[in-house]
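Working through the structure, step by step
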Amino acid sequence: MKELILRPHQSHVEGQLREQLRAGVSRIVLVAPTAFGKTETAMFLIKLALQKGSRVWFLVDRVTLVKQTSDRFRAYGIPHGTIQGANATNDRYAPEQAVQIISIQTFERRDLGDPADLIFYDECHSQYAETLSRLEKYSKSKIIGMTATPFAPGMAQFWGGIVNGATVNRLLADHFLTPLKIKACVSPDMQGARRKPGGEYADEEAGQRGITIIGDVVQTWIQQTQKFFGGPAKTIVFSPSIKHGEELCRQFAEAGFNFQQISYLDRGDDVRDEKIDEFRKPDSAIHGLVSCAVLTKGFDVPDVMCGISCRPYRKSFSSHIQEMGRVMRTSPGKDFGLWLDHSGNCISFAQDTAWLFEYGVDSLSDAAKRDAEVREPTEKIKQTLFCADCGMQMEAASFVCRSCGWERPKRGEIQIVQGELIDFAHSIQETFQPRKGLRAECVNDPRAIWNAALSYTSSNSSKGPEFAKKWAMGVWFGIYEGARPPRGFFDGKADPSKVQTDQWSLIEREVQRFRKRSKHNQRRAA
Ligand SMILES: [Zn+2]
């Protein structure tokens, strides 16, 4: 039996969860990236609950995850039963146990009697209406949701509190996640594409348009895996439609590679599980697994080296993050994952991703809007973040592509500074660039700069909070020209106690600069 010892970042979160529960918050979302160890953190709380004689339910999104979760509970010696499908064919059915692992599908259909004292809802961003309406009735239960992407509209209405686990950048720095090398490749033109009622691109439409570039997808994969891994590497493909996936497998087969599609059309879970089991083997006969809307949740094959994104999203930031998460698992000998973007998603969501990876999620009501906003890849973001020659993502401050040596054209009088070399380009510093020529260490933290600006304008103006906010926004956008921070970013109260001296003097300088310029302009106008 394995001993359950929480890592420091998990133990910190476990403490925060208990604190909120004690304070009377009964529905809390634990937000943490893949590889944080949300399940371990939950198991720790379950052990404590068992000591107090409490009953616990652990809800998982699909039947395959019941067994996977049950295996992990077993490994740590947590006695439990499972509830899924027919009891007679379930060899882990044990209704007398205080801990039950339950599939959502069964949870929604079956009367389970008195609700448990403590309920965990894994991957709670899925938001099944029936599940929520059942949970709604359990006014005495404490409910903890777990997700990496709490961006589904409506989450703020159900959940009362939020606890942030470690951020992606923290886990990358601590080597619990593998960095990605991202290449912007040919992607289909989605202009004017048909949309679903919610505003997302229609699957069939995305598939149809995607089919036209499959030849390029195959060629790019052959070249890039050769370049980075010296030959074929274990790959997953995110495909928009069944037809698209079939055509992709066919063209890969023609080129001599074994790509297999798994989809919700598979005859039962068995066929799908067989393919995934084969794919799991270190020397798998399958080069690539093509997923049409099935691999984003709970799929865990750590030695996947390459991801191909073929499903363009117009709104669903969650899907993009969940997909990338599948290639960021650590595995012995894996130094990085290769991400071939044939969808434009890495460009569309570049700023959102940088923000999430650095800061996590502050509030559910702001987060919930992330999946509702429209983004489309723009040439400007592409030029700022990707090499114009080979398409690899590069640090915006860097003038030489690490991958091919291409040099970014120099602009006017700007002094060339070779950027700090890092593998993973999704850092705040790169997507939230200060104005050219503005140098100060503290601009690396746009959130702290906002706090400093608002503190400054609030204490230097007597025209009320609305005015102070507008003024501070002017200052902030003067520093980060063209930046697009997440919604709600400007809504918080200023906390002057957190402002550092260098931040304060930067704001002062910016305000003076602005005054000088407007005087200058006035003179010119006169
Ligand atoms: Zn390059």
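Calculation rules
Residues numbered from 1 in each chain as written. Predicted model: local features only at pLDDT ≥ 70, side-chain atom pairs only at ≥ 80, totals over all residues. Heavy atoms only, no water. Salt bridge = Lys/Arg side-chain N within 4 Å of Asp/Glu carboxyl O. Helix = DSSP H or I, 4+ residues; strand = E, 2+ residues; numbered from the N terminus. Buried < 20%, exposed > 50% of the residue type's maximum accessible area, 1.4 Å probe, protein only. UniProt positions renumbered as here; feature names shortened; annotations may be inferred. Pairing = 2+ DSSP bridges. Axes fitted to C-alpha atoms, helices over the stretch in contact; angles between N-to-C directions. Contact = heavy atoms within 4.5 Å.

The next subject is the pattern of salt bridges. As enumerated under the stated definition, the model contains 20 salt bridges in all. Lys 469 serves as the salt-bridge partner of Asp 491, at 3.3 Å between the closest nitrogen and oxygen. Here Asp 491 is found in the loop between α19 (465-479) and α20 (501-525), whereas its partner Lys 469 is found in helix α19, with 22 residues between them in sequence. A residue is classified by how much of its surface remains accessible, and Lys 469, at 22% relative accessible area, is partly exposed. With a shortest N-O distance of 3.8 Å, Lys 498 and Asp 495 are connected by a salt bridge. A residue is classified by how much of its surface remains accessible, and Asp 495, at 27% relative accessible area, is partly exposed. Residues joined by salt bridges that share partners form a network here, namely Lys 67, Asp 71 and Arg 92.

Let's shift gears to the UniProt feature "domain: Helicase ATP-binding" (unreviewed entry) in the protein. Under the UniProt annotation, the feature "domain: Helicase ATP-binding" (unreviewed entry) is placed at residues 19-168. Split by type, residues 19-168 is 34% helix and 22% strand. Its first and last C-alpha atoms lie 24 Å apart.

With that settled, consider the pairing of strand β2 (residues 56-60). Counting buried positions along β2 yields five of five residues, so the element is predominantly enclosed. Residues of β2 alternate between two faces, with Val 56, Phe 58 and Val 60 on one and Trp 57 and Leu 59 on the opposite face, all of them buried. Bridging between β2 and strand β4 (residues 99-103) involves five bridges; their strand directions are parallel. Opposite Phe 58, over in β4, you have Ile 101 as the bridge partner. Of the pairings in the sheet, the one linking β2 to strand β5 (residues 118-122) comprises four bridges and is parallel in character. Directly across from Phe 58, in β5, lies its bridge partner Phe 120.

Glancing now at the sheet that holds strand β11 (residues 288-292). Taken in spatial order, the six strands line up as β8-β13-β12-β9-β11-β10 in an open sheet, and their pairing is parallel. In the strand order of this sheet, the two ends are held by β8 (180-184) and β10 (259-263), each with one partner. When strand polarity is set aside, the average angle formed by the axes of neighbouring strands in this sheet is 20 degrees. Judged from the four bridges that link them, strand β9 (residues 235-238) and strand β12 (residues 306-309) form a sheet pairing that is parallel. By the bridge assignment, Phe 238 is partnered in β12 with Ser 309. Its contacts with the sheet put helix α9 (residues 214-229) on β8, β9, β10, β12 and β13 (337-341), and the angle it makes with β13 is roughly 155 degrees.

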